[in-house]
Structures are given as structure tokens and as C-alpha cells.
Amino acid sequence: MKPHEIAFEIAQELGFDLAGIAPLEAPHRAGEFQTWLEEGRHGSMEYLERQKDRILDPSRVLPDARSLLILGLGHARAPLELEGGARVARYAAGRDYHNWISKRLQNLRRRLEALGLRGPYRGIVDAGPIMERAHAAAAGIGAESKAANLLSTAHGPWFFLGELLLGEELEPGPGPSNPPGMTLPNCGTCTACIDACPTEAIVAPGQVDARRCISYLTIEHRGPIEHDLRASLGPWVFGCDVCSEVCPWGSDAPDASALLGTHAAFEAPEGSPLTGWLTHREGFSVRFNGSPLQRPRREGLARNAAIVLGNLPSDEGREALLIALAEDPAGVVRAAAAWGLLRGHGDDAGVRGAIERALERERDEAVRRDFNRTIRGPSV
Ligand code: SF4
Ligand code: SF4
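Draft legend 1. How the structure looks around the packing of helix α1 (residues 3-13) against helix α5 (residues 97-114). Two elements in contact, α1 and α5, have axes separated by 10 Å at closest approach and are oriented at 140°. Looking at the two axes, α1 sits oblique to α5. When the axes of α1 and α5 are compared, the crossing they make is right-handed. Along the contact surface, α1 presents Ala7, Ile10 and Ala11, while α5 presents Leu108, Arg111 and Leu112. Of the residues belonging to the contact of α1 with α5, the class tally is 5 nonpolar, no polar and 1 charged.

Draft legend 2. Seen up close, the nonpolar core. Membership of the largest hydrophobic core comes to 109 residues, with the highest contact counts inside it found for Leu69, Ile70, Ala305 and Ala306. The greatest single-element share of this core, amounting to 8 residues, is contributed by helix α16 (residues 331-345). The residue makeup of this core includes at least three contributed by each of domain 1 (3-174) and domain 2 (199-233 + 270-376). Ignoring any residue separated from it by four or fewer positions in sequence, one finds Ala305 in contact with Val237, Leu274, Trp277 and Leu278.

Draft legend 3. Representation of the sheet that holds strand β4 (residues 87-88) within the structure. The 3 strands lie next to each other as β3-β4-β12, forming an open sheet whose pairing is mixed. Lying at the two open borders of the sheet, with one neighbouring strand each, are β3 (80-81) and β12 (236-238).

Draft legend 4. Region of the structure containing the sheet that holds strand β5 (residues 121-124). As summarised here, the arrangement of the 5 strands in space is β5-β8-β2-β1-β9, forming an open sheet in which the pairing is antiparallel. The open sheet has two free edges, formed respectively by β5 and β9 (173-174), since each of these has just one partner strand. Bridging between strand β1 (residues 18-22) and strand β2 (residues 67-74) involves 5 bridges; their strand directions are antiparallel. What sits directly across from Ala22, in β2, is Leu68. Against the sheet, α5 engages β2, β5 and β8 (159-166), with an angle of about 40° to β8.

What counts as what
Residues numbered from 1 in each chain as written. Chains lettered and ligands numbered in written order. Predicted model: local features only at pLDDT ≥ 70, side-chain atom pairs only at ≥ 80, totals over all residues. Axes fitted to C-alpha atoms, helices over the stretch in contact; angles between N-to-C directions. Helix = DSSP H or I, 4+ residues; strand = E, 2+ residues; numbered from the N terminus. Parallel < 35°, antiparallel > 145°, perpendicular 65-115°, else oblique. Left-handed = near helix turned anticlockwise from the far one by under 90°. Contact = placed C-beta atoms within 7 Å. Nonpolar A, V, L, I, M, F, W, Y, C, P; charged D, E, K, R; others polar. Core = buried A, V, L, I, M, F, W, Y, C linked by C-beta atoms within 7 Å. Buried ≥ 20, exposed ≤ 12 C-beta atoms within 10 Å, placed from the backbone. Domains from an automatic or database assignment. Pairing = 2+ DSSP bridges.

Encoded structure:
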């Protein structure tokens, strides 16, 4: 068996659904990435700017690396809905995939090392310094789409990616799950994701402006979310699956949580209902221990919950928003609570009075501006 065949076989044994080897060279969309950065479309993800040189030249990530092994793993398909209709991106179900895919990459590394494949090794999951979708496309395991994700023949857009840089020279090409000649998905004339995106974040085929993307805004972005975008979050309290849900290539994808016993970790996220996400300030890290929902931190998740409780009004939501407006120590949450109250219960004179009183009490200038913008509109 050749080294690349060994790598594919072990990857399959470890439960990876897709595998391929990309040439260790600059990603083919390097120019577009540079322009995207220059236009500031990465929002506050400054680490992309800092790591630009390594992202554009993967051989800098691990100087003795000779190959880039790309692995894919189908994820859960069942929609995640909290009480009251709030939505969570499917990938967030259960334990944080960064952790368990990293462990699986470590296992793969140990098995390959034991068989004599040369190191050094470095496993990367998601936030690492490489353009993983461009490399995965170069490895032949999927095709880049107009929604800037990767579409696989078997899983559509519903899969995770992980990568293993290694010192052994492996023959580039797709693994047995994507044999040469297999037709890869193709967007063709379809524009469903562009048309369906709630915030018009897909500014051109294959280009997402992170500053408008609900996934970025609800997970990575710190601070207030722009007023003009808050209503467009709709029910999405963590991430957004809209562009994947409308993609015809994903409609027949298997639900990997049912297919693979190894995905037993996929369960509804802890901490429901949504009102608790807003008002329970203590024990955040315990409640969301090991979950991707920790990523936005307590303030970010409470901010998102306040906005979604405004978009999906209920009596319980109103009470939770009033508590957050009066008591939350984070200005970003108080400001979002005021917005949620006015959005969901603007006809209620008691709610308007509570926001006016909160404005009188408020000492944080940025929060005062946010309150004023909520009460009096964009001219303030
Ligand atoms: S994740 Fe949601 S907001 Fe972001 S591009 Fe897709 S549909 Fe638009
Ligand atoms: S929805 Fe259509 S345009 Fe968008 S990624 Fe899927 S096939 Fe491509």
C-alpha cells in the first residue's frame, strides 16, 4: 500500500467520511482573500489579518510539512429549535466539534506515526491558519459554492472539515469517498442561498461579508450588533443555517448523527429555554461546558437572546427582557434588551416607560446612544 492509501484507510477506520490530499501550495483563491481582507469584510476577526502570510502559504504553518491531508465528517441534520422557536445552527449540537475532531486527528496522527509515516504533524480544526475550503476543493473532496462553503456530493454543505499537516510526501488527490471522475456539486445558475440570506451577506458568488453574516455576528462579534441587522437575525440565536438549508445539494444528505454511532454526543444544547440564556448570569461556563455555545461568552449569548426574544415576542420573553434591562451588568445586553422590548412589545406603554427610565439611569455613553437609537430612530 502507498502512504496516501494508508492514510485514507486509517481515516476511514476513525470515522472520517471524506478525505483527500491537497498540494502544499498557496490556495487558488489567495487574491480574493487579500481583497476580502482589504475591504474589511472579515469584521473584527483580526487574527485573519495577523495570520495572513501563513494562510497564503501553508508551508509556513509547519516548515517541514510536505502534505496537507484534508478530512471531512458529516454532521447532524436535525434542526435545533429551542422553546418558542429560537434557532441554533446545527453544527453546535452537543460537544464542541473543535475538541472531538482534534482528538480524532491526534488518533490519526498516532496511527500514521506508528506505521512509520514521517512527521512533524499538526492538526487544524476550523480556526487554524489555512483556507481550508480552498484546499479541500484542491484535494477534490468538494466544490466551493456561491455561499462560500464547500459542497460534497454525499453530504452537500453539511459536514465538518479538519486538516492534518504532515512531513511525509503524499500523492495529492481525493480519497476513495470521492474517486476521480465523480461529479462534484455545481451551483450552475442557482442563486437560492444568495436570495434567501436574511442579511444579504453574500455580496457576490462565493463572497460573504462577515460583517453582515448572522453566523459571524452571533458567534464571533463582540459588542453591539448594528440596529439595521437586528430584526434580520429573526430566530437565529447562535449561528445561521439558512444558506445551507436552501441548498439543493444538501437535501438528500444523510443525518450523520444517526449514521455514525460515534456522533452520540449530538444532543439539544443545554440551557433552554431562551429566557434563561438572557437572565441566568451565574454558572455560564458550567451550563455550556464543552459546547460551542461558549464561544460568544455570556454577554454575547445574552445579547443574541435579547434580540431574538424581541423578534419572537412572548410574555415570558417580555419579563426576561425587563429584568435584563434593569439588572444586567453588561451594557451590550442592556442595550439589546431595550431593543428587544421595543421590537417585540413597542405598543406597551409600560415597556416604553421602562426604557425611558433605564435611559435616565444609564451612565455608559455608548449604551445611552444605543437606547436613544432604539427609542428615537436613526436620526439620533
Ligand atoms: S450563514 Fe446566514 S447570514 Fe451568513 S451568509 Fe449564510 S444565510 Fe447569510
Ligand atoms: S443554494 Fe444554489 S447557489 Fe447556493 S450553494 Fe447551493 S447550489 Fe450553490
